[in-house]
Amino acid sequence: MIVAKGLTKVYGDFKAVDGIDFTVRRGESFGLLGPNGAGKSTTMKMIASTSQRSGGDLLILGKDPNKHGPEIRAHLGVVPQQDNLDRELKVWENLMIYGRYFGLSRKFLKGKIEELLEFAQLGEKRNNKTEELSGGMKRRLTIARGLVNEPEILMLDEPTTGLDPQARHILWDRLFRLKELGVTLVITTHYMDEAEQLCDRLMVMDKGKIMAEGSPAELIKKYSSKEVLEVRFGSENNAAVAKKLEGIGERLEILPDRILVYAENGEKALEQIVKKGLHPVTSLVRRSSLEDVFLRLTGRTLVD
Amino acid sequence: MSMDLSTDNKMTWTGAKNIVDPQVSIRRGALYVAENRIRNMLKWWSSIIAFGLGNPTLYLLSIGIGVGTLVDNSLGPNAIDGVSYLTFLAPALLATAGIQGAMDEVTWPTMEGFVWDRTFFSMNATAITGNQIVNGVMLAAMARCVLQVFLYELCLLAFGAITLESMPILLLVSSLAGLGFASLMLAFSASIKDDDGVFALVGRFVITPMFMFSGTFYPITSMPIYLQWIGWISPQWHATNLGRALSYGMPIESWLLILHWSVFLIMAVIGFAWAHRVFTRRLEA
Ligand SMILES: Nc1ncnc2c1ncn2[C@@H]1O[C@H](COP(=O)(O)OP(=O)(O)OP(=O)(O)O)[C@@H](O)[C@H]1O
Ligand SMILES: [Mg+2]
């Protein structure tokens, strides 16, 4: 569905996306992770066939967006990071005009709008202007709008930012169903639980480059230990104590408020710490998660 | 909001491949953009009508009738072009209405589309192209322009300033002036990053002088020669002069007649080409 080779985007002399290769298969759900400014949205816009690439090859639905932009976009659904609804128009009108851009008939759209209002749980707000919606409601409307043409690929740039936990879970459920219908999903997110829940495959980016790629389980296996011990010694003491912890576990990560000890066995690591005569204020052993992978790959305070 | 997480969302799903034919948007995209712009305008239809009728009425009562009576009384048989002052003034007022009407629908909507609401980016995320957005916005602006000129004409007709027969040709001339100028303004609006008072400056240093020095209130030739150039580059003057020639038969040389028509077309051609370029670049960044 999507094939990128050496994909590059340059703004002035700044490389926002720096020669990345990746493939997304039909029906797959593909996640882009990375810190702020990594180049996720820029990559999304190139896939969405709006932003022109500066270099490399890109094929979407088998076509080159430089030559067939409108044809490709006709079959895509795009949810941009920044909502761009028409403030003056009502909720239902926003769905109507967006559907019209695809050349869909008013008759078809009438039914579609009902479904989408239900999808976004905005039935009661159908006649409100969008400027009267809350932030999360606008987000839901933008997501619903992206579905109006029943896209083959749905691109979601931080879809759940600003959604309450309940709305997030509902959205995950709905996206999961879209996936079952065969829709290909491309998602960026800063929520690791979301990436873990939704994505079959992830790509971690930083500074325009790909740092790692694989399924959530693969990434955790490759880049993190089985368990993580989190210990707190009080913010002022963490850095000093960390020096004494060297050698315990496979790796340490020192965060402002706590120290993460990556180890095969967290309890054992804790015993070793206590043996050294150190007594953390609190301690917690948990399984490794994507969050740890993310820290490892993009964090700047690595102590190996 | 419903608490029931399990509500089965009854989504029918046929898939874009089956329901969206890209060729439809490729052919008719500009119309869909215009449809949206008009939908937006309709939110303000009462103010558009009220303004379209109220403004000229006030203007005609004060300047047209007030000043007109004064001018007609003092000039007597030596009246400009041998017609009443109001008749002389009418084509100029219509040109202003045309230019203003079209301009209002290209400047603010463009700021909205690129900066405030970013709606142009949402259009462009569908099959719609930058060129189609330009064409659609202009199409809707011209609808507003024609309506505004027509309303003005009704007022002028009521005041006896124009004749019924001259209405179509004046409508055409004033709307073409609007088209020429607005297409340039559309490209200009798309080139600025944010408003920052640019439009206020344009109003003060372009629109107002254009209105004042384009032979609106007296023939351009009564102005000192070093100010006359403003008229020559102003669509307002070309429309005014053309309107005078074609409505009440002000004498005019044929080369000038051709020049007047050409100015509108040249402005439109340059404006569209420039706007297409700026829109596409900005959307593709
Ligand atoms: N139009 C632009 N002009 C110049 N630089 C840009 C432009 N758009 C993005 N950039 C730069 O490109 C880099 C990548 O931006 P991008 O929006 O892709 O990041 P991101 O990964 O989506 O970040 P975030 O998580 O904050 O959304 C940033 O350094 C940004 O400043
Ligand atoms: Mg982003």
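Scoring rules and cut-offs
Residues numbered from 1 in each chain as written. Chains lettered and ligands numbered in written order. Predicted model: local features only at pLDDT ≥ 70, side-chain atom pairs only at ≥ 80, totals over all residues. Heavy atoms only, no water. Axes fitted to C-alpha atoms, helices over the stretch in contact; angles between N-to-C directions. Helix = DSSP H or I, 4+ residues; strand = E, 2+ residues; numbered from the N terminus. Parallel < 35°, antiparallel > 145°, perpendicular 65-115°, else oblique. Left-handed = near helix turned anticlockwise from the far one by under 90°. Contact = heavy atoms within 4.5 Å. Nonpolar A, V, L, I, M, F, W, Y, C, P; charged D, E, K, R; others polar. Expected span 1.5 Å × (residues − 1). Buried < 20%, exposed > 50% of the residue type's maximum accessible area, 1.4 Å probe, protein only. Core = buried A, V, L, I, M, F, W, Y, C linked by side-chain atoms within 4.5 Å. Buried area = accessible area lost by both parts, 1.4 Å probe. Salt bridge = Lys/Arg side-chain N within 4 Å of Asp/Glu carboxyl O. Polar contact = N/O pair within 3.5 Å; in protein donor to acceptor, adjacent residues only side chain to side chain. Near = heavy atom within 4 Å. Areas by Shrake-Rupley, 256 points an atom, 1.4 Å probe, with all protein chains shown as cover. Patch = residues over 30% accessible without salt bridge, like charges linked within 9 Å, V, L, I, M, F, W, Y side chains within 5 Å. Donors = N, O, S within 2.8 Å, 3.2 Å for Na, K, Ca; no water. Pairing = 2+ DSSP bridges.

Residues and elements named next belong to chain B. Here helix α4 (residues 85–116) crosses helix α8 (residues 198–212) at 165°, and the two axes come no closer than 13 Å. Here α4 is positioned roughly antiparallel relative to α8, judged by the angle of their axes. The crossing of α4 and α8 is right-handed. On α8, the residues touching T96, I99, Q100, M103, T107, W108 and M111 of α4 are F199, I207, M210 and F211. Tallied by class, the residues present in the contact of α4 with α8 amount to eight nonpolar, three polar and no charged.

Owing to its 3.6 residues per turn, the α-helix aligns residues three or four sequence positions apart on the same side. Residue and element names in this part refer to chain B. In this model, helix α11 (residues 254–284) (31 residues) spans 45 Å end to end at C-alpha, consistent with the 45 Å of a helix rising 1.5 Å per residue. Where α11 is concerned, the buried positions are L256, H260, V263, F264, M267, A268, G271, A275, V278, F279, R282 and L283. Looking at the buried positions of α11, the neighbouring elements they touch are α4, α5 (119–124), α6 (130–158), α7 (167–191), α9 (225–232) and α10 (235–247).

Quick look at the nonpolar core now. Of all hydrophobic cores here, the largest spans 151 residues; its most connected members are I2, F22 and L154 of chain A together with I133 and L156 of chain B. For this core, the element with the most residues is α4 of chain B, which contributes 15 residues. Ignoring anything within four residues of it in the chain, the contact list for L156 of chain B reads L60, A90, L93, L94, A161 and I162 of chain B. One finds F233, V241, I248 and L278 of chain A within the second-largest nonpolar core, a separate group that totals 15 residues.

Bringing the environment of R37 of chain B into the picture now. Inspection of the secondary structure puts R37 of chain B in helix α2 (residues 22–42). Sequence separation between R37 of chain B and G136 of chain B is 99 residues; the distance between their C-alpha atoms is 7.9 Å.

Right, let's get into the interface of chain A and chain B. Taken together, the 55 residues of chain A in the interface contact 47 residues of chain B. Across the chain A to chain B interface the summed buried area is about 4700 Å²; carbon plus sulfur atoms make up 53%. In this structure, the salt-bridge partner of E93 of chain A is K43 of chain B, at a minimum N-O distance of 2.7 Å. Counting every contact that joins chain A to chain B gives 20 residue pairs in polar contact (both at pLDDT 80 or more). Mapped onto the side of chain A that touches chain B, the elements with two or more residues apiece are β1 (2–11), α2 (65–73), α3 (91–101), α4 (106–120), α5 (135–145) and α6 (165–180) of chain A. Along the lines of polarity and charge, the residues of the side of chain A that touches chain B split into 22 nonpolar, 10 polar and 23 charged.

Our focus in this paragraph is the site of ligand 1. All names here are of chain A. Taken together, 14 residues surround ligand 1, and among them G37, K40, S41, T42 and H190 come closest. Separating an oxygen atom of ligand 1 from a side-chain N or O atom of N36 is a distance of 3.0 Å. Contact with the protein chains hides 65% of the accessible area of ligand 1, taken as 640 Å² for the molecule alone. Looking at the shell around ligand 1, the elements with two or more residues in it are β2 (14–24) and α1 (40–47). Among the elements that line the shell around ligand 1, the one with the most residues is α1, at three residues.

Looking now at the pattern of salt bridges. The full count for this structure, using the stated rule, is 33 salt bridges over all chains. In this structure, the salt-bridge partner of R26 of chain A is E152 of chain A, at a minimum N-O distance of 3.4 Å. Of this pair, R26 of chain A sits in the loop between β2 and β3 (29–33) while E152 of chain A sits in the loop between α5 and β6 (153–157); the two residues are 126 residues apart in sequence, bridging distant segments of the chain. Linking K17 of chain B and E152 of chain A is a salt bridge whose minimum nitrogen-to-oxygen distance equals 4.0 Å. Of this pair, K17 of chain B sits in helix α1 (residues 16–19) while E152 of chain A sits in the loop between α5 and β6, each in a different chain. Exposure remark for E152 of chain A: the relative accessible area of 11% places this residue in the buried category. One salt-bridge network, in which partners are shared between bridges, spans E230, R232, D257, R258, R286 and D292 of chain A.

The next thing to look at is a nonpolar patch on the surface. Taken together, the side chains of W229, W232, I233 and W255 of chain B make up a nonpolar region of the molecular surface, amounting to roughly 500 Å² of accessible area. Mapped onto the fold, W229 of chain B is located in helix α9.

Attention now moves to the packing of α6 of chain B against α7 of chain B. All names here are of chain B. Relative to each other, α6 and α7 sit at 140°, their axes nearing to 9 Å. Relative to α7, the crossing made by α6 is right-handed. Side by side, α6 and α7 meet where V134, V137, M138, M142, C145, V146, V149, F150, E153, L154 and L157 of the first sit next to M167, L170, L171, S174, S175, G178, L179, A182, S183 and L186 of the second. Per-class residue counts for the contact of α6 with α7 are 16 nonpolar, four polar and one charged.

All names here are of chain A. Donor atoms from the polypeptide that coordinate the magnesium ion (ligand 2) comprise S41 (OG) and Q81 (OE1), at 1.9 to 2.1 Å from the metal. Note that S41 is positioned in helix α1 and Q81 in the loop between β5 (76–79) and α3, a separation of 40 residues in sequence. Judged by its relative accessible area of 18%, S41 is buried. The exposure class assigned to Q81 is partly exposed, which follows from its relative accessible area of 41%.

A word on the sheet that holds β2 of chain A. Residue and element names in this part refer to chain A. With antiparallel pairing, three strands are arranged side by side in an open sheet as β2-β1-β4. Each of the sheet's edge strands pairs with one partner strand only, and the pair in question is β2 and β4 (55–60). Along the sheet, successive strands turn relative to each other by an average axial angle of 25°, direction set aside. Two elements, β1 and β2, share eight bridges in a ladder whose sense is antiparallel.

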